[in-house]
Amino acid sequence: MPYCLLQADSVAPAADQLKRAFKALKTLTEADAIKLAREACGILMKNLSLEDAGVLQRALQREGVPTALLDAIQLPKLPEPKSVRRIEFQPQALTVYDPLGRTVPVPWQHLTLVSAGTVRHFGLSATRTEEVVNTYDPIRGLRTKVVTDLRHKVEDDARLMLDIFLRGGVMRFQIEAESFPFKYCFDRPDLKLPQKLGLLIQMLAEHAPHAVLNRGGTALRIGQTENAAYASKAALFDESIWLLWRMAKKN
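What counts and what doesn't
- Residues numbered from 1 in each chain as written.
- Predicted model: local features only at pLDDT ≥ 70, side-chain atom pairs only at ≥ 80, totals over all residues.
- Heavy atoms only, no water.
- Helix = DSSP H or I, 4+ residues; strand = E, 2+ residues; numbered from the N terminus.
- Buried < 20%, exposed > 50% of the residue type's maximum accessible area, 1.4 Å probe, protein only.
- Areas by Shrake-Rupley, 256 points an atom, 1.4 Å probe, with all protein chains shown as cover.
- Pairing = 2+ DSSP bridges.
- Axes fitted to C-alpha atoms, helices over the stretch in contact; angles between N-to-C directions.
- Contact = heavy atoms within 4.5 Å.
- Expected span 1.5 Å × (residues − 1).
- Core = buried A, V, L, I, M, F, W, Y, C linked by side-chain atoms within 4.5 Å.
- 1 Å grid on protein atoms, 1.4 Å probe; cavity = no way out; pocket = protein on both sides within 12 Å on 5 of 7 lines; lining within 4 Å.
- Points joined across faces, edges and corners; volume = space filled by probe spheres on them.
- Nonpolar A, V, L, I, M, F, W, Y, C, P; charged D, E, K, R; others polar.
- Parallel < 35°, antiparallel > 145°, perpendicular 65-115°, else oblique.
- Left-handed = near helix turned anticlockwise from the far one by under 90°.

**Q** Teacher, can you tell me more about the overall build of the protein chain here?
**A** On a plain count of helices and strands, the protein chain comes out with six helices and twelve strands. A burial count over the protein chain gives 40% of its 251 residues as buried. Per element, the accessible surface of the protein chain, about 14,600 Å² overall, is 52% carbon and sulfur.

**Q** I would appreciate a short explanation of the sheet that holds strand β6 (residues 93-97) in the present structure.
**A** Sheet strands pair via backbone hydrogen bonds, and the direction of the pair is either parallel or antiparallel. The antiparallel open sheet is built from three strands, whose spatial order is β5-β6-β7. Only two strands of the sheet have a single neighbouring strand rather than two, namely β5 (86-89) and β7 (103-107). Ignoring strand direction, the axes of neighbouring strands in this sheet form an average angle of 20 degrees. Across four bridges, the pairing between β5 and β6 is antiparallel. Bridge pairing in β6 links Glu88 to Thr95. Of the strands in this sheet, β5 and β6 are in contact with helix α4 (residues 193-207), which crosses β5 at around 45 degrees.

**Q** How do you make sense of helix α6 (residues 233-250) when you look at a structure like this?
**A** Counting along an α-helix, one turn takes 3.6 residues, and residues three or four places apart therefore face a common direction. Here α6 is 18 residues long and its end C-alpha atoms lie 26 Å apart, about the 26 Å a rise of 1.5 Å per residue gives. Among all positions of α6, only Ala235, Leu236, Phe237, Asp238, Glu239, Ser240, Ile241, Trp242, Leu243, Leu244, Trp245 and Met247 are buried.

**Q** Looking at this structure, I do not really get the nonpolar core. What am I missing?
**A** Nonpolar side chains tend toward joint burial in soluble globular proteins. In terms of nonpolar packing, the biggest core is built from 31 residues, with Ile87, Phe89, Leu94, Leu111, Leu162, Leu200 and Leu204 touching the most fellow members. Broken down by secondary-structure element, the contributors of at least two residues to this core are β5, β6, β8 (111-137), β9 (141-166), β10 (172-176), α4 and α5 (215-221). Among the elements that line this core, the one with the most residues is α4, at five residues. Setting aside anything within four residues of it in sequence, one finds Leu204 in contact with Phe89, Leu94, Trp108, Leu111, Val114, Leu162 and Ile164.

**Q** When you look at the layout of surface pockets in this model, what are you seeing that I'm missing?
**A** Regions of empty space are outlined by a rolling probe, equal in size to a water molecule, passed over the atoms. Each pocket or cavity is described by its volume, and for the largest pocket that value is around 400 Å³. Contributing to the lining of the largest pocket are 18 residues, with Lys35, Leu36, Glu39, Ile43 and Leu44 lying nearest its centre. Those elements that place two or more of their residues in the lining of the largest pocket are α2 (30-39), β2 (43-48) and α6. Of all the elements, β2 adds the most residues to the lining of the largest pocket, at five residues. Per-class residue counts for the lining of the largest pocket are eleven nonpolar, two polar and five charged. In this structure, the second largest pocket spans a volume of roughly 250 Å³. In the lining of the second largest pocket, the residues fall into six nonpolar, four polar and two charged.

**Q** Help me understand the packing of helix α1 (residues 15-22) against helix α3 (residues 50-62) in this model?
**A** Between α1 and α3, the least distance of the axes is 9 Å, while the angle of their chain directions is 135 degrees. Classified by the angle between their axes, α1 and α3 sit oblique to one another. As α1 packs across α3, the resulting crossing turns out to be right-handed. Within the contact between the two elements, α1 uses Leu18, Ala21 and Phe22 and α3 uses Leu56, Ala59 and Leu60. Residues of the contact of α1 with α3, tallied by class, amount to six nonpolar, no polar and no charged.

**Q** What exactly am I supposed to notice about the sheet that holds β2 here?
**A** The strand order across the open sheet formed by three strands is β2-β1-β3, and the pairing between neighbours is antiparallel. The strands lining the two open edges of the sheet, one partner per strand, are β2 and β3 (67-71). Neighbouring strand axes in the sheet, compared pairwise and without regard to direction, differ in orientation by 20 degrees on average. Examined bridge by bridge, strand β1 (residues 3-7) and β2 share three bridges and lie antiparallel to one another. By the bridge assignment for β2, Tyr3 is matched with Leu48.

Listed below in structure tokens is the structure:
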């Protein structure tokens, strides 16, 4: 049965702390410690045996890093994201439009977590070209054939995402900034995309001041885009899981 270690507070461990603690397990290296220090988002380790989780927890405690040891099934489950194509701000509720144009009014008090960030995106694109080539054969004479060239390219770029969680983590609305029409919320063509998402987060925070903001959301809100980067979607989602766990524990 897999176990995991979570940060017990909001301060992420430093690389040196992790390096020393990781010596307690032969399966962990300094490279693992450096990677975790750079990418830690609340959930420090997954898929540990109970014995290894206990050993590492005690080693981290000696380094001044308090953690919580959980059976993996105790972690909150993220609801499937509902893609959002448009939202509007009303005094009493956030009006959400689904891909079919249907509206869902969400009372502001139901918003519980606003989680955003810049995530790395990997994709594969294909380019197909065709060229007509004439050849001459002494027996068959002049021949024409089509030569096809298919080339693949690995794309590595960054995308801006926003998740809005409702109370109890029962529903999750997801916005991909690149395809989102901000014009229904505000008319600011002068802003760059990260600034637009930051302004949207600011408006959400003003209408639902009780909602928790993740690290990326906080950074975008104040214009510090460089602090809103995550290594992957999985890292961003892990932080949301960790925050939902902390909120459930507090309640």
